[in-house]
Amino acid sequence: MGGKPPTAVITDGDRSMHIAIQQVFPEAHHRLCAWHLIRNATTNVCNPRFTSLFRHCMLADFEVEEFEMHWQAMVEECGTSDHEWVKDLYTKKSSWATAYIRGSFFAGIRTTSRLVRVTIVECIEADDICVYITQKYRRPDRTWNVTQNSSQDTFHCTCLRMESFGLPCVHIIAVLVRLDITSLPNSLVLPRWSKIARMDLCRDRVCNPHIDPEATYRARIRALLQHCKQRFAKVACMREEDYKTYCQKVVHETNMLEIKNGLQCQATSTHSVPWEGGVKDPIGVRTKGTGRGNEPAGSRGIKRRRCSTCGVLGHRRTRCPNGPTPSRQCAQEPDIHPSTETFETASLNPFRNDTTF
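All figures in this text were calculated on a predicted structure; none of them were measured in a lab.

## Observations regarding the overall build of the protein chain
From N to C terminus, the protein chain includes 14 helices and six strands. Looking at the protein chain residue by residue over its 357 residues, the buried ones come to 22%. Within the protein chain, residue pairs in contact and separated by at least 24 positions form 40% of the contacts whose partners lie at least 6 positions apart. Taken as a whole, the protein chain presents about 27,300 Å² of accessible surface, with 55% of it coming from carbon and sulfur.

Okay, structure coming up:
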């Protein structure tokens, strides 16, 4: 982690672990694991109905008043009002690690699906400040105030979900829909959720002498590639003239940086041909082999055959005038097929001394 302490530590609630976290990471928030809490509830209370209701109270997205109402109804139904473990669990409710710590993607899906249950009943305007009073569907007693500062382009809701989890609440999303805003303002997107979050990480690593230089170099590459892919390349390729201009600039600046860091000599870069765009013919190079492929056709002459019997050029041994005639050759040879003789001989005496295995 580069010497950076964690902001939160999730454990099963072990006492020794709790003391060690306070000593080693005094600024970290110690959270209790939701899975271990449910398992401990099953072990200590031994009531499946209590376990189901407790899971709903712990993982559901409730306001403070709603949570208190559900908790009171749970302990009364299950008869655990005087249970010591349940009392201790209630006092530690601020340290529960809820489902929002597990991932922002699913939390965003839930927020979008609940958008239809929120309506805006009133709007109060004053200078640059505008207060929207939101209400839950068919629940007039549940209202939240969303404050918009148009000069600073900020939004604030009384539910404090943005301040607690770093994600905009459904009330703010409803106001954005009302204002016909198609993208989230920068004030509602924390740097850690963006794809350029590594840029700030690289800047912090440069100031820390204990960071591995190789790790810092790789982090810079990833951050720069993300920035080029998401923003620079998108706008630089919209027009042909911008594309050519910035391609030449990128090539020129790359050459200068290579010279600056000793990766390229000065003579090579100064005599390099500037890129003019388009596809050109490849550079002709000599291929491997004897080199006869580059000679013009007809320059090597006609290859003449040499007879293997008399050694004279111009004919083969089958057409040699000094060789035996076909009739004379047939008269001298016995009228026995060589393949038949071989087969019969091998079949009569399969274990000959000259047989090779």
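## Points about the sheet that holds strand β4 (residues 129-136)
On the basis of which strands lie adjacent, the open sheet formed by four strands has the order β3-β4-β5-β6 and antiparallel pairing. Sheet topology places β3 (118-126) and β6 (154-157) at the edges, where each strand pairs with a single neighbour. Pairs of neighbouring strands in the sheet enclose a mean axial angle of 25°, with direction left out of account. Pairing of β3 with β4, which is carried by eight bridges, proceeds in the antiparallel orientation. Counterpart to I120 in the pairing with β4 is T134. Contacting β3, β4, β5 (139-149) and β6, helix α8 (residues 170-178) runs over the sheet at an angle of about 70° to β3.

## What to know about the nonpolar core
Most often, soluble globular proteins keep nonpolar side chains buried together rather than apart. Of all hydrophobic cores here, the largest spans 20 residues; its most connected members are F50, F54, W71, M74 and W96. Broken down by secondary-structure element, the contributors of at least two residues to this core are α2 (34-45), α3 (48-59), α4 (64-78) and α5 (84-91). Setting aside anything within four residues of it in sequence, one finds M74 in contact with F50, L53, F54 and C57.

## Here we look at the environment of Q72
By the secondary structure assignment, Q72 is in helix α4. On the basis of relative accessibility, which here comes to 41%, the residue Q72 falls in the partly exposed class. For Q72, the side chain forms a polar contact with the side chain of E76, separated by 3.0 Å.

## Details of the state of the cysteines
Summed over the entire model, instances satisfying the criterion amount to zero disulfides. Free cysteine: C78, not disulfide-bonded; nearest cysteine sulfur from C57 at 9.7 Å. Relative accessible area serves as the criterion here: at 14%, C78 is assigned to the buried category.

## Observations concerning the packing of α2 against α5
Their axes nearest at 10 Å, the elements α2 and α5 cross at an angle of 155°. With respect to α5, the element α2 is oriented roughly antiparallel. Contacts from L37, N40, A41, N44 and V45 of α2 reach α5 at W85, V86 and L89. Tallied by class, the residues present in the contact of α2 with α5 amount to six nonpolar, two polar and no charged.

## Some remarks on the UniProt feature "domain: SWIM-type" (unreviewed entry) in the protein chain
Feature annotation in UniProt assigns "domain: SWIM-type" (unreviewed entry) to the following positions: residues 142-180. When the span residues 142-180 is considered, its composition is 36% helix and 31% strand, and the gap between its end C-alpha atoms is 24 Å.

## A closer look at the pattern of salt bridges
Under the definition given, this model contains five salt bridges. Measuring nitrogen to oxygen at the nearest pair gives 2.9 Å for the salt bridge that ties E77 to R49. Placement of the pair is E77 in helix α4 and R49 in helix α3, with a sequence separation of 28 residues. In this structure R49 comes out as partly exposed when scored by relative accessible area, which is 41%.

## Points about a nonpolar patch on the surface
A cluster of nonpolar side chains, contributed by L184, V189 and W193, occupies part of the molecular surface with about 250 Å² of accessible area. In this structure, W193 sits in the loop between α8 and α9 (197-206). On the basis of relative accessible area, W193 is assigned to the partly exposed category, the value being 38%.

## Description of the packing of aromatic side chains
Pairs of aromatic rings are described using the distance from one ring centre to the other and the angle between the two planes. Applying the stated criterion to the full structure yields eight aromatic pairs. Ring plane angle 35° and centroid distance 5.4 Å describe the contact between W71 and Y90, whose orientation is recorded as tilted. Here W71, found in helix α4, pairs with Y90, found in helix α5; they are 19 residues apart in sequence, far enough to count as distant. Between the aromatic rings of W71 and W96, the centroid separation amounts to 6.0 Å while the plane-to-plane angle is 40°, which identifies the pairing as tilted. With W71 in helix α4 and W96 in the loop between α5 and α6 (104-113), this pair connects stretches of sequence that are 25 residues apart. Like W96, W71 is buried. Through successive ring pairs, a cluster of aromatic residues spans F50, F54, F67, W71, Y90 and W96. Above the face of the Y90 ring, K93 is positioned so that its terminal group lies 4.0 Å from the ring centre. The ring of Y246 has K249 sitting right over it, with the charged end atom 5.0 Å from the ring centre.

## Regarding unusual backbone geometry
The backbone phi angle of D153 is positive, close to 55°, even though this residue is not glycine. Position of D153 among the secondary structure elements: in the loop between β5 and β6.

## Points about a positive patch on the surface
Together, K303, R305, R316 and R319 line one region of the surface with positive charge. Examined against the element boundaries, R319 turns out to sit in the loop between α12 (266-270) and α13 (326-332).

So, how was this worked out
Residues numbered from 1 in each chain as written. Predicted model: local features only at pLDDT ≥ 70, side-chain atom pairs only at ≥ 80, totals over all residues. Heavy atoms only, no water. Helix = DSSP H or I, 4+ residues; strand = E, 2+ residues; numbered from the N terminus. Buried < 20%, exposed > 50% of the residue type's maximum accessible area, 1.4 Å probe, protein only. Contact = heavy atoms within 4.5 Å. Areas by Shrake-Rupley, 256 points an atom, 1.4 Å probe, with all protein chains shown as cover. Pairing = 2+ DSSP bridges. Axes fitted to C-alpha atoms, helices over the stretch in contact; angles between N-to-C directions. Core = buried A, V, L, I, M, F, W, Y, C linked by side-chain atoms within 4.5 Å. Polar contact = N/O pair within 3.5 Å; in protein donor to acceptor, adjacent residues only side chain to side chain. Disulfide = S-S within 2.5 Å. Parallel < 35°, antiparallel > 145°, perpendicular 65-115°, else oblique. Nonpolar A, V, L, I, M, F, W, Y, C, P; charged D, E, K, R; others polar. UniProt positions renumbered as here; feature names shortened; annotations may be inferred. Salt bridge = Lys/Arg side-chain N within 4 Å of Asp/Glu carboxyl O. Patch = residues over 30% accessible without salt bridge, like charges linked within 9 Å, V, L, I, M, F, W, Y side chains within 5 Å. Phe/Tyr/Trp six-rings, centres within 6.5 Å; stacked < 30°, edge-to-face > 60°. Lys NZ or Arg CZ within 6 Å of the ring centre and 35° of its normal. Lys, Arg positive; Asp, Glu negative; His and termini not counted. Charge placed at Lys NZ, Arg CZ, Asp CG, Glu CD.

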